Amino acid sequence: MKHSFIPSGVCSRNITFEVRDGKVFDLHFEGGCPGNLKMLSKILDGFKMEDIICMCEGNLCGNKKTSCADQLAKGLKKVLEEEKQSS
């Protein structure tokens, strides 16, 4: 299923990804640091949502209180919560 998450406090404006069998595919950041986020998208392709959350949660960007990776973790947590509520 395709998901979209609007991050807060970072340069990227939107994060989209597809979840199949608990794994993330086709991760795309709109805006932000293009080279870093394209590489992050390639590296994380096919990883389990929980593993990505563990790796990305709490990472900061400069003096900000969050980062694009941290926001991705928040978006994935939201998807997991929605899945729990629907089952």
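Criteria and thresholds
- In this convention, every chain numbers its residues from 1, walking through the sequence in written order.
- Reporting of local features is limited, given that this is a predicted model, to residues whose pLDDT is at least 70; pairs of side-chain atoms are given and counted only at 80 or more, and all residues count toward the totals for whole chains, interfaces and linings.
- Side-chain measures were taken over the full set of non-hydrogen atoms in the model, leaving aside hydrogen atoms and water.
- The disulfide criterion used throughout: a pair of cysteine sulfur atoms within 2.5 Å.
- Working definition: with a 1.4 Å probe on protein chains only, accessible area under 20% of the residue-type maximum means buried, over 50% means exposed, and in between means partly exposed.
- Helix and strand definitions here come from DSSP, where helices need a minimum of 4 consecutive H or I residues and strands a minimum of 2 consecutive E residues; each element is numbered from the N-terminal end.
- Each patch is built from salt-bridge-free residues with over 30% relative accessible area, joining like charges within 9 Å and nonpolar side chains (Val, Leu, Ile, Met, Phe, Trp, Tyr) within 5 Å.
- Where accessible areas are quoted, they stem from the Shrake-Rupley method and a 1.4 Å probe; at the residue level, only the protein chains shown are allowed to cover.
- Throughout this description, the term salt bridge denotes a Lys or Arg side-chain nitrogen within 4 Å of a carboxyl oxygen of Asp or Glu.
- Charge convention: Lys and Arg are scored as positive, Asp and Glu as negative, and His as well as the terminal groups of each chain are ignored.
- The atom standing in for a charge is NZ when the residue is Lys, CZ when it is Arg, CG when it is Asp and CD when it is Glu.
- Only strands that DSSP links by at least two bridges are regarded as paired with each other.
- Think of each axis as a best-fit line through the C-alpha atoms, taken over the contacting stretch in the case of a helix, with angles from 0 to 180 degrees between the N-to-C directions.
- A contact between two residues is defined here by any heavy atoms of the two lying within 4.5 Å.

How would you sum up the state of the cysteines? Please name residues and give values.
Evaluation of the coordinates by the stated rule reveals zero disulfides. Free cysteine: Cys56, not disulfide-bonded; nearest cysteine sulfur from Cys54 at 9.7 Å. Look at Cys56 and you get buried, because its relative accessible area is 5%. Free cysteine: Cys61, not disulfide-bonded; nearest cysteine sulfur from Cys33 at 5.8 Å. Overall, the relative accessible area of 36% leaves Cys61 in the partly exposed class.

Let's hear about the environment of Asp21: which residues, and what values?
Locating Asp21 in the fold gives a position in the loop between β2 (12–20) and β3 (23–31). Residues Asp21 and Met49 lie 28 residues apart in sequence; the distance between their C-alpha atoms is 9.6 Å.

So what about a negative patch on the surface? Which residues, and what values?
A cluster of acidic residues, Glu50, Asp51, Glu81, Glu82 and Glu83, forms a negative patch at the surface. Listed by contribution, the elements that provide at least two residues to the negative patch are α2 (49–56) and α3 (68–86). With three residues, the top contributor of residues to the negative patch is α3. Summarising the element assignment, Asp51 is placed in helix α2.

Tell me what's going on with the sheet that holds β2, and back it up with residues and numbers.
The strand order across the open sheet formed by three strands is β1-β2-β3, and the pairing between neighbours is antiparallel. Edge positions in the sheet fall to β1 (2–5) and β3, since each has one partner strand and no second. On average, adjacent strands in this sheet sit at an angle of 20° to one another, irrespective of strand direction. The pairing of β2 with β3 spans seven bridges and is classified as antiparallel. What sits directly across from Glu18, in β3, is Phe25. Contacting β2 and β3, helix α1 (residues 34–44) runs over the sheet at an angle of about 175° to β3.

Give me the pattern of salt bridges: which residues, what numbers.
Under the criterion given, the structure shown has four salt bridges. Between Arg13 and Glu30 there is a salt bridge; the shortest N-O distance is 3.6 Å. Of this pair, Arg13 sits in strand β2 while Glu30 sits in strand β3, placing them 17 residues apart in sequence. Relative accessible area serves as the criterion here: at 35%, Glu30 is assigned to the partly exposed category. For Asp70, the salt bridge goes to Lys74, with nearest N and O atoms at 3.8 Å. You can see Asp70 and its partner Lys74 sitting in helix α3, four residues apart, about one turn around the helix. Using a relative accessible area of 5% as the deciding quantity, one classes Asp70 as buried.

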